[in-house]
2 protein chains.
Amino acid sequence: MKIKVLSRANLINILEMPEVIKGVESVYKTKAQGNVVAWPLVEHKFSTGALMDIRSGGAFGEVGIHGAKLLNNFPENAAKGLPVFTGVLMAFDSETGLPIGVMDASYITSMRTGAAAAIGAAALARPDSESLLLVGAGLQSIYLLGATLVKMPGLKKVRVIDTFAQDNADRYITTIQERLKNELGIDASEVVFEAAHDMKEAVEQSDVILTITRSTSPLIMKDWLKPGTHLSCIGADMVGKEEIDPEIFRTARCFADDAKQCCTVGEMEIPAKMGILSPETVTGEIGEVLAGMKPGRVSDEDITVFDATGLAVLDLVTAKTAVRTAEEKGLGTTVEI
Amino acid sequence: MKIKVLSRANLINILEMPEVIKGVESVYKTKAQGNVVAWPLVEHKFSTGALMDIRSGGAFGEVGIHGAKLLNNFPENAAKGLPVFTGVLMAFDSETGLPIGVMDASYITSMRTGAAAAIGAAALARPDSESLLLVGAGLQSIYLLGATLVKMPGLKKVRVIDTFAQDNADRYITTIQERLKNELGIDASEVVFEAAHDMKEAVEQSDVILTITRSTSPLIMKDWLKPGTHLSCIGADMVGKEEIDPEIFRTARCFADDAKQCCTVGEMEIPAKMGILSPETVTGEIGEVLAGMKPGRVSDEDITVFDATGLAVLDLVTAKTAVRTAEEKGLGTTVEI
């Protein structure tokens, strides 16, 4: 059997955001049809404090992929000059069980996370949305921003705010157009970028908000939101993290990538603990909106929220996209296994 | 990061049974010291009847390895001319979390399973044992036989019996010396091979018995065993399989690779269900014998049994052995990931 092995450097060359978005959308729709499974998480904490986890699952039907991602987080590697965080994924064709690829997982996770935020925004924001607020200017933010500009070409203005280090946003906007072009091949020359320093004011001026911070308390309050705003909340991915006022969930139309997981470890965790919502009362999953099974936004006045905590199958479908493109372009290493 | 990718063909060139045995012994000893962990099994049954499972774990301390093996069993591939069974493993250095290799799992599993049978036999059989009975002449049997000849150079005679297809044993003995030489590099030219057709008689004549069949009812009865016989039972690896009389476990000194697992899915499963033994009353685990923590055989009259159901970490330690040897010999493919 031949498989593709792709390094992070290969994947940066290979993956194009529009293709990643298509793959993520296909998984969300397949999930709505009941054809996606997340297998139980395997976790191990080493005595040194290092962490290992194995996330696995499959998306069947048209997507036809299953496999696993093994992540290692070894903080003490920093002192040794070694990478602290490494991830490797193995993807298999679920029609035949044959392996299709083994690759670095980190870039794939960044790309598919960006795609998720954008898919939620495009599906739930007002179609006439023009102004975007990017909350967080860290390493992951460019993927959310890039994907959203791809999915929502009507956006004219992007505000960037970094509540943890305000200067970051000032620096960020000076290079972001060039970075979008160089790193993601996205032309944002028509978009106006502006650093924001007052969250309340920035929120009031925005149609679409993307949050990607490590916050553990609300950065955005319910009262600040103008009617019709959409929020894609991506930063909260473990117990205790939150980026927006739980009260928002009381009246907003709230969508999850996976309702149960979002209510356990996502932005919905704290509102769920407060009794504001539950997996059963979440408005729906994003795949149900994409598949036309549930309405997303029903009026221009709705506040809509999309909470994405990630699924291993999103990595796997992106791996499949990468293998297909690598074959077309003759990139990566093909090896016998 | 650079990793080694090894195909089945590479592994056949690379792995030497004595090295595989050393690795398996090191894991057994590490397990006795409480430094081996098997993480929860992940299983999926496809609507087509195909099966997928992910077995993972780690052996820490001196062994220093963790990772996962993903197995796919797709019966309907046969009609498509594709391999029915494929396995891929990913091994990581547990000191750094960095990946060390990705490889085919099937040959590794065969080799480490053979090593296990031999380690149990060498540790528990009478040191003056001269006659071996190999019960089963299928694809896996050569690995058990080869490993046991390596570990027990005093063996002079090998009887082979195949109760499911008697002719198999007749054919088997005509080529086995050549196959041991060619496939495993083991010189068995001094050993006499003989096909057996009467199980009772063959059992009565043997010091050491290895069982590797797909039997679901006892092939060997307690009354047939002469005092001092050792049995390594390897065939039973799922609920309902059994190769030897459960009554043997009532008086034998019984060792497991993993007591709980053997009492759930191994040769010990049915005796455990009959109340003859339990994980708590098993004499010990083989690692405890190898580490000198528990006596194995205490008299020349003892009947001893070793039941091995396999551990993912045995594959991983063998993968580590393979990567080290591949680097020494310049074999396999080194790729950037």
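Residues numbered from 1 in each chain as written. Chains lettered and ligands numbered in written order. Predicted model: local features only at pLDDT ≥ 70, side-chain atom pairs only at ≥ 80, totals over all residues. Heavy atoms only, no water.

Caption draft 1: Geometry of the side chain of Thr 213 of chain A. All names here are of chain A. Mapped onto the fold, Thr 213 is located in the loop between strand 10 (208-211) and strand 11 (216-220). There is a polar contact of 2.6 Å between the side chain of Thr 213 and the side chain of Glu 243. The contacts of Thr 213, once residues within four sequence positions are left out, are Val 135, Gly 136, Phe 164, Leu 219, Gly 235 and Glu 243. (Helix = DSSP H or I, 4+ residues; strand = E, 2+ residues; numbered from the N terminus. Polar contact = N/O pair within 3.5 Å; in protein donor to acceptor, adjacent residues only side chain to side chain. Contact = heavy atoms within 4.5 Å.)

Caption draft 2: Local environment of the domain arrangement of chain A. Residues and elements named next belong to chain A. The domain boundaries assigned to chain A delineate domain 1 (2-108 + 313-336) and domain 2 (115-310). Averaged C-alpha coordinates put domain 1 and domain 2 at centres separated by 24 Å. On the side of domain 2, 21 residues touch domain 1, which itself brings 13 residues to the contact. Between domain 1 and domain 2 we count three salt bridges in total. Counting across the interface, domain 1 meets domain 2 through three residue pairs in polar contact (both at pLDDT 80 or more). By residue number, the principal contributor to the side of domain 1 that touches domain 2 is helix 2 (residues 17-32), which donates ten residues. Partitioning the side of domain 1 that touches domain 2 into residue classes produces nine nonpolar, no polar and four charged. (Domains from an automatic or database assignment. Salt bridge = Lys/Arg side-chain N within 4 Å of Asp/Glu carboxyl O. Nonpolar A, V, L, I, M, F, W, Y, C, P; charged D, E, K, R; others polar.)

Caption draft 3: Just the interface of chain A and chain B, in detail. In this complex, chain A contributes 44 residues to the contact, which on the side of chain B involves 44 residues. For the pair chain A and chain B, the summed buried surface comes to about 3,400 Å²; carbon and sulfur atoms form 78% of the total. Across the chain A-chain B interface, the total number found is zero salt bridges. Applying the counting criterion to the chain A and chain B interface returns twelve residue pairs in polar contact (both at pLDDT 80 or more). Those elements that provide at least two residues to the side of chain A that touches chain B are strand 1 (2-6), strand 2 (36-45), strand 3 (51-59), strand 4 (65-73), helix 3 (77-80), strand 5 (85-93), strand 6 (99-104) and strand 17 (333-336) of chain A. When residues in the side of chain A that touches chain B are grouped by element, the largest group, six residues, is from strand 2 of chain A. Residues of the side of chain A that touches chain B, tallied by class, amount to 25 nonpolar, twelve polar and seven charged. (Buried area = accessible area lost by both parts, 1.4 Å probe.)

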